[in-house]
Structure formats: C-alpha cells, structure tokens
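These are the residues of each chain, in order.
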Amino acid sequence: MTDRANPPEADDRLEEGDQPVPLLEMRNITKRFPGVVANEDVSFDLHAGEVHTLLGENGAGKSTLMKVLFGLYRPDEGEIRLRGEPVEIASPTDAIEQRIGMVHQHFMLVPTLTVAENVALGLTSSRGPLTDLDAVSARMGEIADRYGLSVDPSVEVWKLSVGERQRVEIIKALYRDAEVLVLDEPTAVLTPQEVDDLFVVLRQMTEAGRGLVFISHKLREVMDLSDRITVLRNGRVTGSTVPAETSRQQLAEMMVGREVNLAPDKPPVDTGAARLVLRNVSVIGDRGTLAVNGVDLDVAGGEILGVAGVSGNGQRELAETVAGLRPAEAGSTVELDGTDITAANPATTRSAGLSYVPEERMRDGAIGEFEVRENLLLVNHRNRSFLRGGLFDNERIRQHCQRLVDAFAVKTPTLDTPTSSLSGGNIQKLIMARELDSDPTVLLAAQPTRGVDIGAAEYIHSQLIDLRGRGVAVLVISEDLDEVLALADRIAVMYEGRIVTVVDRADATREGLGLAMAGAASDAE
Amino acid sequence: MRDLFTLSVLVTVLASGVRLATTYLLAALGETIGQRSGVLNLGVDGVMLLSAFGAYWTALETENLWLAALVGMLVGLLMGVVYAVITLVFRAEQGISGIGIYLFGLGFSDLLFEEIVGTPTPSARLPTLSVPLLADIPYVGEALFEHNLMTFLAFAMVPVIAFLLFRTTFGMNVRAVGENPEAADSLGVSVFWVRFRAILIGNAMAGLAGAALTLRLGNFQNNLTQGLGFIAVALVYFGAWRPRGVMLGALLYGIVGALVLQLKARQIIPLEASDLAAMAPAVLTIVALVVLAGRVEAPSALTQPFSRD
C-alpha cells in the first residue's frame, strides 16, 4: 500500500493550509473485469480552474476510470472524494447531482429529438408532467451568450453538424452546472479551427472555476491545452507531468512504454505514371443527396496521396465508389492502369489490382464472428489452390494464414481465435495482411490507423511507405491531419464532396490545410 | 354493381369501416407507445384474445359492460407485466417472445372458453350512441356520429396519445429510450422504467381493443381476432409511428374490410371466392409495407435490449 492509500488525517488538514482541497480526488481506484484489470490502483485528482489530461492508448483504462467517476461502473476498490468529502456515485444521476458532467466520445444525443429536448432530458420539468421547453430554451440562451455556444434550441439534432452537436453536449453539461467536466476525445471529429474555438470555450470554463478532465491521444492538443498530464498504460498510472517539462516524443514513449518513431522515414521514390485516375466522380450518399461532387484525382505509382478532411465530407462515399461498393453517377470515370472500373463490382476492382482497407473495419473489413483464419481467407476463398476436390484444403489454408500472421505481426493466440476478440490494431493488421497479399497495384486505405494503438499505427505506416517504395499507388483517406502530413507526398483536401485543394507535402502547412478543411479557402499554401 | 355506388351504400360502408377501425386503432395506438420506447410486441393479437375472453366472460356473468371493459384492460396489463419481465428483465429476443405471447393468448383463451363457457352464448353488447345534433347531419351523421362508446373513445385517444408522446416529459423519455437509450441513461433517465410503463400502456390498450371487439359482437369464439392484432402491429409501421398516421391506416383497413363485407353481401364477390376476398387486409398490409419500406425510419433502438456495458 502506498502512502497515498491511507493518508493520516493530519496530512489532509496540513494540505488545506497550503493548497486548496482538490475539487475531485479519485484514490487508488481498481476496477476488474473477468480476465482483465482495467484500472489498477489508479489515483487522479483535479483542482478547480485547471485542465488535467488523461493520456493513454486505447485500452489503457481512461474510459473505465471516467465511467467509474460517472457512476456507470462501480469500482472494486478505492474511493472518490469531491471537494474533500467522500462520495458514493452509483449512477449517472448521482454524478449529475454531484455536478459531474461528461461529454462522451460518441455523442450521447437523441438525433430525433430537438436540441432543447436533448438538454431537458432527465431533468425535472417546471411544469410537472408536461415539458417546459420554452424555459429550457431561455436558459440555454443565457449559457450561449456567456460562452459563445449558440445552437437553435428548436432544431432536431440530426440536422446539426458534428461541431454543433458537440456544442449541444457541452451545453447539456453547463445546463446542469457541472463543476467537473470530463471531455472524452472531444477533438476527434473537429477541424483544426473548430478545435481552436473549442479550446477558447474550455479556457473560459476553467477561468470560471470549473475543472476539466481532458481525454485525448492527440499529443499536440494535449501539450496545448493541459495544465497537468497523467499518463495511463495497461490500467496503471505510468507518470504525471506538466507540458513545460515534457515533449510529444516523451509523452508518446510514456504511453507506449518503449521508443516510438512519430515521424516515419520516407526515402525518396521515383513516381511513375498515374495508376488510379478519377475524373468528374459524383456519388449520391445515403441521404439521397450528392455526397461526392465532381472529384478529379490522380495517384501515381510510388506515391502516397493523402485525402484530408473532416468526417462526413464525402470521403467514405468516395472510397466506397472506388472500391466498387457504391455506384457513381453518370459521367464519372474511375480508371485503374487504364482499365475502366467505374461500374465494376468489388470482385472486378480486386482483379484489376485494387486492394481496399475500409474505414469501418468491423463492418466492411472483417467479420467479427469469423475466426482469424477465415477472415484471412475471405478474399481468396474462391481461389482454386485452396481447394481439394471442391472442399477447402485446410492444411494449405493454415500454412497460408500462418505465413500472413507471421509476416504482419498479427498478435493472435491461434488461427482459430474469433476475430472480434483481437484488439483494433491487430484486426487492422489482419486486414492489411489480407489486402496486401494479393500484390495490389493500387491500395485504398481509409482511416488506416483510427482507434489503433501507437505501436500498430507505426507498423501500418511503415507498411504503407514500403508499398510506395515498390511502385504501388497508395490513396490514404484520413481525418487525422498528423497522419496525412506524416505519410503523404501530395495532400488533397475534401470539403462538402469536392476536392478544394491539392498541394505538395513540401508546400503544405497545417494552418492552410485546416482552413481548406473548413471550406474557407481554395488555396492551402 | 351499379347499386353499390349509391349514397346510402357508401354511407353504410363508411359507417361500418369506422366501426371496424376501432379495434385496429386502440391496439395500434398502444403499440405505437411501446415501439416508440424501443419494444416491439408481436403478441398483441394474443393479448387481445385473452382480454376479449376476460371481457366477454365478465359481461356474461355480470352484464356490466363497464366492468367487462375494465377486466379486458386488466388482463392486458397483466400480460404487459409478463412481457415486460421477459423482454426487460431477461432481455429475451423480442420477436420470438412476442410470438410466444401470441400463441399463449390464442391457446389459453380457447381453453378457458371451452372449459368455462363451452358453447357460444351471446353476451351483453355495447349500445350504439348518437351524438346529439351531429348525428342529425344527413349521411355524415350516420357514418361518423352513431357508434358505440369504444369507437368514440378510440378516436379520442388519437390526440391524447399524440399529446402524451410529444408534449409530456414521459413522452419525451419514451422517444429518447427508443432512439438512443445510452443517451437517456447517461442523463439519469431509467430506460427500464420508461420501457416498462410504455409496455403496460401498450398492453392495456391492446386489452381494451380486445374488449371492444367482443363487446361489439356480443360473443366469443376460438381465435376471435383472426390475426387482427398482427395488422395493428403493421399499422404502427404504416403510420410511421405517429398517432395520426396510425389512425389513417386504421381507417383505411376498416373501410377496405367493410367494402369486402358489402361486396360479399351483394354477391358481387361470389360465395366461392369469399375466402379469397377475406385476404384483402393481408394483401393490403404486404403492399403497404413494401411501398413504405425505407421511407420512414423506425425508432433506432426498436427490438434492442438495453444494458450498460
């Protein structure tokens, strides 16, 4: 047991003299799930008026700790103190009553309800059993004026942009007068400018004496916003620091526990002729409107073209169309090494030389219930060399799959393990292994490292750069601007279905790209 | 064929259409609340059958129609508690559980009828009421304002249910847990209790629908509803989970049903083909669902059990 586990009473009083009592203290929290310890002896505190960042990879235990704080999980050990007093938080209701608010990574909004209804949900109405949305809207107006968070209360949430939805989430917490506000990866879906705007709001909140817990793995933002940083790895605190005394490199190594290479080496490559050519590609999206609008792009062999942009600007539809999963409108052309694949189905695009690493890896990339072996075989399951007398030749299939698993460092207990029990990074490596095995001439990778741990991301990046060296045309679509900047030779920015700019990596600046992502300028140089 | 299109015949069709719509409407309005909360109940027909028997037997024994309707509702409530336990406590698959409820209601109501009553015996029936003044309007009065109390009640429930769904805190909670239960939960709304109450309301109304059916006919028999409860479930889709849409659907079905009856009575449809004509509502359901498929969005969490992890 550490000293902090059982502090003598006198210490508490002593501290009160020197320093104000922390707004929030989580002491020695342990939370176990069958087979895993999600949090082990984690201590974390937060003072009024500060931003304390929780940094860690997926599965490091950040979300578990915050779910304990918000009453969604009960800790097995440890205690929570608010304003110096021990508290029991058994449900979100308790947390809200204790003035703890949370902006979840996946927005907790009801899309079919209006903004005011979403804010009012769970609160006692001043009109008894009837809703009091007018009163709610009026109070929302006051909050909007104070923090510059204006959203129309009467509009349904599904009609809002992602940035506006996030504002609704923050308004919800402020409406409940949250003193401790947890923000779980709040910047994941925002443009760089929206991130700046958000940070202005967050700083106003700390100036008003609220305490913020900022959860992120974007090191640049963490360095920018935090007053203090606590790093978690494998459920344990691996260190605490302040931005002035650390660097991005050092934080990354604290997260991963070994040396990492944040900027992959990219040897120069002679680019060949354009292998993937898109001309005037237009695509109708799920809502029946034009999601991709007249896109022209060329990707040469030996080149990585990065498509940057905020989620929902047509990138997914564009990728699906190139892969043959979504029809293009008349007048569109997609050519691969001179072969027209505009109206082709996935089987044809594959045989033309395209490999596809989809954005939704568990929906489009792999079948969770299938075993690792089966997912590795998926694309090749009609390949005659895996058949014997019309039936699967399991011996050969196993050899083939074992070779792929070894070559791509997929960490799996056996070839027969259900794929869904692997980590996101290993599933992504599995998909990469399968897709690269066919020796593609063009690789289309959408969000290749989203939700993937740093180690796997590093590996995937090195694989993409390796492909580029072998003369493959690589099209990377990513919402992570750092990833695009690290990988791409040229960068295209997509906004509202159009390519608003294409620049060489050497000429690209973060600010210029950010403006283009927000649709502000057509020139990102 | 020509005398079908006389005004008096059309008025008769409209009047009996409104009358037939009553049962659909009561059951479908209740199911709308349930589905809005994210719980599908395919067992509506079974609930209606058991409630109908309860109401019928009460009417037979006491001749008290109020008490009979009340018993119908109580049987519905009880079935609702059972269904809520199955789907909310044990989180069973809703489609299959609903079919179980249907089969239970179908079989048990028949068993009770055979054991307790035996031969079909007419019971007291709901009297027809005329709305003063309005019923005197030529044609329209007869079609719309001369019905039994249950019919008036069913149509009066349309704005009531709409108000409940869209103007009350409970209704807002129902819509929230049916669309994104995680969000509602994170704000301290109890998904369990909101769904529980929504299921009870839905089943009580299905019970009332069963009572309305048996008390209009003044009799009971095996499988009295003949799948009417399933059409009520389809009507919720048809009406896009909105009370007014559900009402329009119920009226359409009532009128088609009345028209088929009229065509049979006038032997425009020959006797041999009458079974075929009886398929009209089923065919209409399939056509309507195919036409409407993908145009309206169901509550996102419909049929999804909720748990925190």
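What comes next concerns the included structure. (Residues numbered from 1 in each chain as written. Chains lettered and ligands numbered in written order. Predicted model: local features only at pLDDT ≥ 70, side-chain atom pairs only at ≥ 80, totals over all residues. Heavy atoms only, no water.)

## Describing the overall build of chain A
Rules: Helix and strand definitions follow DSSP, with helices as H or I runs of at least four residues and strands as E runs of at least two, each counted in order from the N terminus. The globule rule is 2.2 Å times the number of residues to the power 0.38, and the radius of gyration it is compared with is taken over C-alpha atoms. Buried, partly exposed and exposed residues are distinguished by accessible area as a fraction of the type maximum, computed with a 1.4 Å probe on protein chains only: under 20%, between the cut-offs, and over 50%, respectively. Working definition of accessibility: Shrake-Rupley area with a 1.4 Å probe, residue cover restricted to the visible protein chains. The convention is simple: Lys and Arg are positive, Asp and Glu are negative, and His and the chain ends are not counted. To locate a charge, take NZ of a lysine, CZ of an arginine, CG of an aspartate or CD of a glutamate.
Within chain A one finds 18 helices and 22 strands. Against the 2.2 N^0.38 benchmark of 24 Å for 525 residues, chain A shows a C-alpha radius of gyration of 25 Å, consistent with a compact globule. Referenced to the eigenvectors of the C-alpha coordinate spread, the extents of chain A come out at roughly 75 × 50 × 50 Å. When burial is assessed residue by residue, chain A has 52% of its 525 residues classed as buried. Accessible surface, chain A: about 22,900 Å² in total, of which carbon and sulfur atoms supply 47%. Each charge sign in chain A was given a centre, from 54 positive and 82 negative side chains, and these centres are 4 Å apart.

## Some points on the sheet that holds strand S1 (residues 24-33) of chain A
All names here are of chain A. Our working definition: Only strands joined by at least two bridges in the DSSP assignment are considered to pair. A fitted line through C-alpha atoms represents every axis, and for helices the fit uses only the stretch in contact; the resulting angles, taken between N-to-C directions, go from 0 to 180 degrees. Any two residues whose heavy atoms approach within 4.5 Å at even a single point are treated as in contact.
Read across the sheet, four strands follow the order S2-S1-S4-S5 without closing on themselves; strand pairing throughout is antiparallel. Both edges of this open sheet fall to strand S2 (36-46) and strand S5 (85-87), since each of them pairs with a single strand only. Shown here is a sheet whose adjacent strand axes are inclined to one another by a mean of 30°, direction ignored. The strands touched by helix H2 (residues 62-69) within the sheet are S1, S2 and strand S4 (77-82), with S1 carrying the most contacts at an inclination of about 115°.

## Re the packing of helix H3 (residues 65-89) of chain B against helix H4 (residues 94-117) of chain B
All names here are of chain B. Put simply, the test is: Working rule for angles: under 35 degrees goes down as roughly parallel, over 145 as roughly antiparallel, 65 to 115 as roughly perpendicular, anything else as oblique. Here a crossing is taken to be left-handed if its near helix is turned anticlockwise relative to the far helix by less than a right angle, and right-handed if that turn runs clockwise. The nonpolar class holds Ala, Val, Leu, Ile, Met, Phe, Trp, Tyr, Cys and Pro. Asp, Glu, Lys and Arg form the charged class, and all remaining residues, Gly among them, are polar.
Contact geometry for H3 and H4: axes closest at 10 Å, N-to-C directions at 150°. It follows that H3 is roughly antiparallel to H4 by the angle criterion. Considering only the axes of H3 and H4, their crossing is right-handed. Contacts from Met79, Val82, Tyr83, Ile86 and Thr87 of H3 reach H4 at Gln94, Ser97, Gly98, Ile101 and Phe104. Of the residues in the contact of H3 with H4, the class split is six nonpolar, four polar and no charged.

## So, helix H16 (residues 454-469) of chain A
Residue and element names in this part refer to chain A. Test applied: Each residue after the first adds 1.5 Å to the expected span of a helix.
With 16 residues, H16 extends 23 Å between its outermost C-alpha atoms, agreeing within 8% with the 22 Å of an ideal straight helix rising 1.5 Å per residue. Listed in full, the buried residues belonging to H16 are Ile454, Gly455, Ala456, Ala457, Ile460, His461, Gln463, Leu464, Ile465, Leu467 and Arg468. On the buried face of H16, the contacting elements are helix H9 (248-256), strand S13 (304-308), helix H15 (424-437), strand S19 (442-446), strand S20 (473-477) and helix H17 (481-487). Two residues or fewer past H16, Gly471 is found with a positive phi of approximately 85°.

## Description of the packing of aromatic side chains
This is how the line gets drawn: Only Phe, Tyr and Trp rings take part, Trp by its six-membered ring, and two of them pair if their centres are within 6.5 Å. Stacked means planes under 30 degrees apart, edge-to-face means over 60, and tilted covers everything else. The criterion for a charge sitting over a ring is simple: Lys NZ or Arg CZ within 6 Å of the ring centre, and within 35 degrees of the ring normal.
Following the criterion strictly, the structure yields 16 aromatic pairs over all chains and no others. Here the aromatic rings of Phe53 of chain B and Phe113 of chain B are separated by 6.5 Å at their centres, their planes lie at 85°, and the arrangement is edge-to-face. Note that Phe53 of chain B is positioned in helix H2 (residues 44-62) and Phe113 of chain B in helix H4, a separation of 60 residues in sequence. Of the two residues, Phe53 of chain B and Phe113 of chain B, both sit in the buried class. Geometrically, the ring pair formed by Phe104 of chain B and Phe108 of chain B is stacked, given 5.2 Å between the ring centres and 20° between the ring planes. Here Phe104 of chain B pairs with Phe108 of chain B, and both are found in helix H4, just four residues apart, close to one helical turn. On the basis of relative accessibility, which here comes to 32%, the residue Phe108 of chain B falls in the partly exposed class. Here the aromatic residues Phe53, Tyr56, Phe113 and Phe220 of chain B are joined through ring pairs into a cluster of three or more. Against the face of Tyr175 of chain A rests Arg139 of chain A, its NZ or CZ located 4.3 Å from the ring centre. Across the ring face of Tyr459 of chain A, the terminal group of Lys429 of chain A is positioned such that the distance to the ring centre comes to 5.4 Å.

## A few points about a nonpolar patch on the surface
Residue and element names in this part refer to chain B. For clarity, the cut-off: Patch definition: residues with relative accessible area over 30% and no salt bridge; like charges joined within 9 Å; nonpolar side chains (Val, Leu, Ile, Met, Phe, Trp, Tyr) joined within 5 Å. A pairing counts as a salt bridge when a side-chain nitrogen of Lys or Arg comes within 4 Å of a carboxyl oxygen of Asp or Glu.
A cluster of nonpolar side chains, Leu7, Leu14, Leu134, Ile137, Tyr139, Val140 and Leu144, forms an exposed patch at the surface whose accessible area comes to about 570 Å². Going through the elements one at a time, helix H1 (7-36) and helix H5 (140-145) are the ones with two or more residues in the nonpolar patch. Mapped onto the secondary structure, Leu14 falls in helix H1.

## Points about unusual backbone geometry
All names here are of chain A. Backbone geometry at Gln447 places phi at a positive 45°, although glycine is not the residue there. Checked against the element boundaries, Gln447 lands in the loop between S19 and H16. Gln447 gets classed as buried once you look at its relative accessible area, which sits at 3%.

## Here we look at empty space enclosed by the protein
Which entries qualify depends on this criterion: The definitions used throughout rest on a 1 Å grid laid over the protein atoms alone, on which a cavity is an enclosed set of points accommodating a 1.4 Å probe that cannot get out and a pocket is an open set flanked by protein within 12 Å on both sides along at least five of seven lines; lining residues are those having an atom within 4 Å of a point. Grid points are joined across faces, edges and corners, and a volume is the space filled by probe spheres set on the points.
Across all of its chains, the model carries four cavities of 30 Å³ or more by this definition. Taken as a whole, the largest cavity spans an internal volume of roughly 110 Å³. Together, 13 residues line the largest cavity, and Phe70, Gly101, Met102 and Arg176 of chain A together with Leu187 of chain B are the ones closest to its centre. Residue assignment for the lining of the largest cavity shows that the elements contributing at least two residues are strand S6 (100-103) and helix H6 (162-175) of chain A. Residues that form the lining of the largest cavity fall into these classes: seven nonpolar, three polar and three charged.

## Some thoughts on the interface of chain B and chain A
As a reminder, the rule being used: By buried area we mean the combined loss of accessible area, with a 1.4 Å probe, across both parts when two parts are placed together. Polar contact criterion, stated in full: a pair of N or O atoms within 3.5 Å, where within protein one must be able to donate a hydrogen and the other to accept it, and residues adjacent in sequence count only if both atoms are side-chain atoms.
Taken together, the contact pairs 21 residues of chain B with 30 residues of chain A. Buried surface at the junction of chain B and chain A, both sides included, amounts to about 1,900 Å², of which 63% is carbon and sulfur. At the junction of chain B with chain A, the criterion picks out one salt bridge. Where Glu117 of chain A meets Arg175 of chain B, a salt bridge forms, and the shortest distance between an N and an O atom there is 2.7 Å. Applying the counting rule to chain B against chain A returns five residue pairs in polar contact (both at pLDDT 80 or more).

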